[in-house]
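What the coordinates show
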Amino acid sequence: MSTAPTLADWMAAVQHRTEHALAAALPSPALAPRRLHEAMRYAVLGGGKRVRPLLAHAAGELTGGAPEDVDRVACAVELIHAYSLVHDDLPCMDDDVLRRGKPTVHVEYDEATALLVGDALQTLAFQVLAERPLRQAPGVQLEMLAQLAAASGSRGMAGGQAIDLASVGRKLGREELEFMHVHKTGALIRAAVLLGARTGPALEETALERLDHYAKIVGLLFQVVDDILDAEADTATLGKTAGKDADNDKPTYVSLLGLSEARRLAEDMLCEAKASLQGFGPRALRLGQLADYVVHRAF
Ligand code: GRG
C-alpha cells in the first residue's frame, strides 16, 4: 500500500509546478516592452507562499480534476493575487516598501510601471484561463471566467479594498470587519477553492455547499491569522513591514478582540472549516491539512 506524501512534500511539489506554470505564462523579459515584462516577472516569480494555488490543487484532488487544468486555475488566481499586492503597495494605497522580502515593485522600478504591472497581470490571469479549452465543457469554462472576474471585482476583492481604504481611522464592529475581509481577502481564496474543484466533475449540490462553506471560512481565517501575525511577527519573518496595520490605524481582528481572543477565534474557525469537510473522506486530505497550515503558518 502506498502512503501519501507528507504535507511538506506535497506543498513543495505544488509550489514547484506553480512556479513553472507562472514562468511559462509570463511574457519573456526578452520581449518588448522589456522593462514591463521584467517587472511583471519580478512581481510574480520567486516568492510568496502560493496559498491560493495550493488550495486550488487541493480542491482539484477532491473532485479529480486534471492537474494540468488546475495549473491554469492556480496561475490565474495567483496572477490576480500578485496584481493586488503590487497595487496595494503603491503610495496611493498602503505605501509599502517591502514585499516578499524584497523592495516593492514601485520602489524597484517606478510608480507608473507598478501600475501597469498590476494591470497587465490582471489581464494575463484571464488570458491564461481563457486561451485554450479546459477539459470541461466550454460553458463551464465561461462560468469559471465569470466567477474569477466576480471574485476580483467591485463585489469581491477590489470592493473589499475600497472598504479597507475607507475604514482607516474608523472603529469597525465585528460584522463590518468581517464584511470587509470576506471581500478583500476571502473572495479570491474562495475562488481558488471553487475553481480548483470545477476542474473535475461537478459536485452535487450539498457537497458543493459544504465545500463553499469550507472555502469561506478558510478565506476569513487567513485574514484573522494575518492580523495576528502582523501584530506578533517581525518584519524579517513576514517579508513585509510588520505592525503596518496598527501604524496605519487600521481596524484588525487583534485591535477589535485582543490577541488571545483572536487566536481563540482562529482555532474555532479551524474546527468549523474541518467539520465542513466531513463526509468527503480521504479526497479532502489536503484541504484539511491546508486549513491547519493557514492557522499555524509562521508568515
Ligand atoms: C489593490 C484591488 C486591490 C486589492 C488589494 C488582497 C489585497 C487587496 C491586498 C493585500 C494586502 C494585504 C496585506 C492583505 C491581507 C492578507 C493578504 C491577502 C496578504 C497577502 O497574501 P499572502 O500572505 O502573500 O498569501 P504571499 O506573499 O505569500 O503570496
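Attention here is on the structure that accompanies the text. (Residues numbered from 1 in each chain as written. Predicted model: local features only at pLDDT ≥ 70, side-chain atom pairs only at ≥ 80, totals over all residues. Heavy atoms only, no water.)

**Comments concerning the overall build of the protein**
Counting its secondary structure elements, the protein contains 15 helices and two strands. For 299 residues, the compact-globule estimate of 2.2 N^0.38 gives 19 Å, and the protein sits close to it at 18 Å. Expressed as lengths along the three principal axes of its C-alpha atoms, the size of the protein is roughly 50 × 50 × 35 Å. Only carbon and sulfur atoms are counted for the fraction: they give 57% of the accessible area of the protein, which is about 13,400 Å². Averaging the positions of the 31 positive and the 40 negative side-chain charges in the protein gives two centres separated by 3 Å. (Helix = DSSP H or I, 4+ residues; strand = E, 2+ residues; numbered from the N terminus. Rg over C-alpha atoms; globule rule 2.2 N^0.38 Å. Areas by Shrake-Rupley, 256 points an atom, 1.4 Å probe, with all protein chains shown as cover. Lys, Arg positive; Asp, Glu negative; His and termini not counted. Charge placed at Lys NZ, Arg CZ, Asp CG, Glu CD.)

**Focus on the site of the ligand**
The environment of the ligand is made up of 19 residues, and the closest members are Lys49, Arg52, His81, Asp88 and Arg100. The separation between an oxygen atom of the ligand and a polar side-chain atom of Arg52 is 2.8 Å. Between an oxygen atom of the ligand and a side-chain N or O atom of Arg100, the distance comes to 2.8 Å. A total of 690 Å² of accessible area belongs to the ligand in isolation, and the protein chains cover 93% of it. Counting residues per element, the ones that place at least two in the shell around the ligand are helix H4 (67–88), helix H8 (157–166), helix H9 (174–197) and helix H10 (205–232). Element by element, the count of residues in the shell around the ligand is highest for H4, at six residues. Residues of the shell around the ligand, tallied by class, amount to five nonpolar, seven polar and seven charged. (Near = heavy atom within 4 Å. Polar contact = N/O pair within 3.5 Å; in protein donor to acceptor, adjacent residues only side chain to side chain. Nonpolar A, V, L, I, M, F, W, Y, C, P; charged D, E, K, R; others polar.)

**A look at the packing of aromatic side chains**
A complete count under the given rule lists one aromatic pair for this structure. Above the plane of the ring of Phe222 lies Arg297, whose end atom (NZ or CZ) is 4.0 Å from the centre. (Phe/Tyr/Trp six-rings, centres within 6.5 Å; stacked < 30°, edge-to-face > 60°. Lys NZ or Arg CZ within 6 Å of the ring centre and 35° of its normal.)

**So, the packing of helix H3 (residues 51–63) against helix H15 (residues 285–296)**
In contact at an axis separation of 8 Å, H3 and H15 are set at 155 degrees when each is read in the N-to-C sense. The pairing of H3 with H15 is recorded here as roughly antiparallel in orientation. Here Val51, Leu54, Leu55, Ala58, Ala59, Glu61 and Leu62 of H3 come into contact with H15, specifically with Arg286, Leu287, Leu290 and Tyr293. Residues that form the contact of H3 with H15 fall into these classes: nine nonpolar, no polar and two charged. (Axes fitted to C-alpha atoms, helices over the stretch in contact; angles between N-to-C directions. Parallel < 35°, antiparallel > 145°, perpendicular 65-115°, else oblique. Contact = heavy atoms within 4.5 Å.)

**Re the nonpolar core**
Counting residues in hydrophobic clusters, the biggest one holds 49 residues, and the most contacted among them are Leu55, Leu211, Tyr214, Val218, Leu221, Leu287 and Leu290. Sorting the residues of this core by element identifies helix H1 (7–25), H3, H9, H10, helix H13 (253–257), helix H14 (259–275) and H15 as the ones contributing at least two each. Among the elements that make up this core, the one with the highest residue count is H10 (13 residues). When sequence neighbours within four positions are dropped, the list of residues in contact with Leu221 reads Ala266, Met269, Leu270, Ala291, Val294 and Val295. One finds Ala21, Leu26, Leu36 and Ala125 within the second-largest nonpolar core, a separate group that totals 44 residues. (Core = buried A, V, L, I, M, F, W, Y, C linked by side-chain atoms within 4.5 Å. Buried < 20%, exposed > 50% of the residue type's maximum accessible area, 1.4 Å probe, protein only.)

**Notes on the side chain of His37**
Inspection of the secondary structure assignment puts His37 in helix H2 (residues 34–44). What makes His37 buried here is its relative accessible area of 9%.

**Notes on unusual backbone geometry**
Ala32 connects to Pro33 through a cis peptide bond whose omega is -5 degrees. When you line up the elements, Pro33 lands in the loop between H1 and H2. Phi angles above zero are rare outside glycine, and Arg50 is one such case at about 65 degrees. Counting through the fold element by element, Arg50 comes out in the loop between H2 and H3. Given a relative accessible area of 3%, Arg50 falls into the buried group. A positive phi is found at Arg100, a non-glycine position, where the angle reads about 50 degrees.

**Quick look at helix H6 (residues 111–130)**
The end-to-end C-alpha separation of H6 is 29 Å, in line with the 28 Å expected for 20 residues at 1.5 Å each. Turning to H6, its buried residues number three or more, namely Thr113, Ala114, Val117, Gly118, Ala120, Leu121, Leu124, Ala125, Val128 and Leu129. Its buried side turned inward, H6 meets H1, H2, H4, helix H5 (105–108) and helix H7 (138–152). One side-chain oxygen of the residue at the start of H6 lies 3.2 Å from the amide nitrogen of Ala112, identifying that residue as Asp110. (Expected span 1.5 Å × (residues − 1).)

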